[in-house]
Amino acid sequence: MARFLNENRREAEELGVYLLLEPLNRYEDHMINRVEQAVSLIQRTGSSHIKVMADFFHMNIEEADITASIEQHYSNIGYFHLADSARKEPGTGHLDFRQPFAKLKELRYEGFLSLECGLSGERSKSLSDSVRYLKNNA
């Protein structure tokens with residue numbers, strides 16, 4: 001992984017884009033499971049064009065405290081995936097989005113958040129319910 005990142009960081013830097021490294025939970029991957037592990041690997045490259053893609057679903061399994069992880073590694077996080085505890089849309093599981101979202105506001109995060117999840121029901125209703133949930137808990 002370190003070799004791949006080092007080989008590709010130069011091109012990302014030249015193009016002015018970012019490579020995103022997503023930690024996956026232990027049930028899907030055995031190499032990089034927590035944000036701190038991804039940050040450690042990224043720091044070894046010395047590149048500011050490699051960032052962590054922090055996924056709330058995986059963080060819910062692997063991080064002791066999602067909010068603390070965001071705060072500690074914020075400068076190395078470039079993007080967020082949102083999914084609730086059962087990998088469905090936010091608002092359908094037990095994951096509490098309030099504290100992590102409050103931290104993102106406090107840190108003045110201006111990047112993107114995207115849903116990477118299945119849907120618990122009919123598409124338009126599930127998505128509108130989830131957007132409403134996120135607005136009420138953000």
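Placed above this text is the structure.
Residues numbered from 1 in each chain as written. Predicted model: local features only at pLDDT ≥ 70, side-chain atom pairs only at ≥ 80, totals over all residues. Heavy atoms only, no water.

## What to know about the sheet that holds strand β1 (residues 19-21)
Here comes step 1: Ordered by their spatial adjacency, 4 strands build an open sheet running β1-β2-β3-β4, and the pairing between neighbours is parallel. Across the chains shown, the open sheet's two edge strands, defined by having one partner strand only, are β1 and β4 (113-115). Within this sheet the neighbouring strands show an average axis-to-axis angle of 30°, counted without direction. (Pairing = 2+ DSSP bridges. Helix = DSSP H or I, 4+ residues; strand = E, 2+ residues; numbered from the N terminus. Axes fitted to C-alpha atoms, helices over the stretch in contact; angles between N-to-C directions.)

## Looking at the nonpolar core
Here comes step 1: Ranked by size, the top nonpolar core spans 24 residues in total, and within it Leu21, Val52, Phe56, Ile70, Phe80, Phe97 and Phe101 carry the most contacts.
Here comes step 2: Of all the elements in the fold, those that place two or more residues in this core are α2 (35-45), β2 (50-55), α3 (56-62), α4 (66-73), β3 (77-82) and α5 (98-106).
Here comes step 3: By residue number, the principal contributor to this core is α2, which donates 5 residues.
Here comes step 4: Excluding anything up to four places from it in sequence, phenylalanine 80 contacts Ala54, Phe56, Ile70, Leu104, Tyr109, Phe112, Leu113 and Ser114. (Core = buried A, V, L, I, M, F, W, Y, C linked by side-chain atoms within 4.5 Å. Buried < 20%, exposed > 50% of the residue type's maximum accessible area, 1.4 Å probe, protein only. Contact = heavy atoms within 4.5 Å.)

## Overview of α4
Here comes step 1: Looking only at α4, the buried set comprises Ile66, Thr67, Ser69, Ile70 and His73. Down the axis of α4, the buried side of the element spans an arc of 165°, and every buried residue falls inside it.
Here comes step 2: Those residues of α4 that are buried lie in contact with α2, α3, β3 and α5.
Here comes step 3: A side-chain oxygen of the first residue of α4 lies 3.0 Å from the backbone nitrogen of threonine 67; this N-cap is aspartate 65. (Arc of directions from axis to C-beta. Polar contact = N/O pair within 3.5 Å; in protein donor to acceptor, adjacent residues only side chain to side chain.)

## Focus on the packing of α4 against α5
Here comes step 1: Running from amino to carboxyl end, α4 crosses α5 at an angle of 20°, the nearest separation of the two axes being 8 Å. Judged by the angle between their axes, α4 and α5 are roughly parallel. Judged by the twist between their axes, the crossing of α4 over α5 is right-handed. On α5, the residues touching Ile66, Thr67, Ile70 and Glu71 of α4 are Gln99, Pro100, Lys103, Leu104 and Glu106.
Here comes step 2: Looking at the contact of α4 with α5 residue by residue, the classes come out as 4 nonpolar, 2 polar and 3 charged. (Parallel < 35°, antiparallel > 145°, perpendicular 65-115°, else oblique. Left-handed = near helix turned anticlockwise from the far one by under 90°. Nonpolar A, V, L, I, M, F, W, Y, C, P; charged D, E, K, R; others polar.)

## So, the packing of aromatic side chains
Here comes step 1: On inspection of all chains with the given rule, the structure shows 7 aromatic pairs.
Here comes step 2: Ring centres 5.4 Å apart and planes at 5° place the aromatic pair phenylalanine 56 and phenylalanine 97 in the stacked group. Taken together, the residues phenylalanine 56 in helix α3 and phenylalanine 97 in the loop between β3 and α5 connect sequence positions 41 residues apart. Across the pair, exposure class does not vary: phenylalanine 56 and phenylalanine 97 are buried alike.
Here comes step 3: With a centroid separation of 6.1 Å and 90° between ring planes, the pair formed by phenylalanine 56 and phenylalanine 101 is classed as edge-to-face. You can see phenylalanine 56 sitting in helix α3 and its partner phenylalanine 101 sitting in helix α5, a full 45 residues away along the chain. (Phe/Tyr/Trp six-rings, centres within 6.5 Å; stacked < 30°, edge-to-face > 60°.)

## Focus on empty space enclosed by the protein
Empty pockets left among the atoms are what a rolling probe the size of a water molecule brings to light.
Here comes step 1: Tallying each qualifying case throughout the model produces 1 cavity of 30 Å³ or more.
Here comes step 2: Put simply, the largest cavity is a space of about 40 Å³.
Here comes step 3: Around the largest cavity, the lining residues are Pro23, Asn33, Arg34, Val35, Met53, Ala54, Asp55, His58, Met59 and Glu63.
Here comes step 4: Elements with a minimum of two residues in the lining of the largest cavity: β2 and α3.
Here comes step 5: With 3 residues, the single largest contributor to the lining of the largest cavity is β2.
Here comes step 6: Among the residues making up the lining of the largest cavity, the classes are represented as 5 nonpolar, 2 polar and 3 charged. (1 Å grid on protein atoms, 1.4 Å probe; cavity = no way out; pocket = protein on both sides within 12 Å on 5 of 7 lines; lining within 4 Å. Points joined across faces, edges and corners; volume = space filled by probe spheres on them.)

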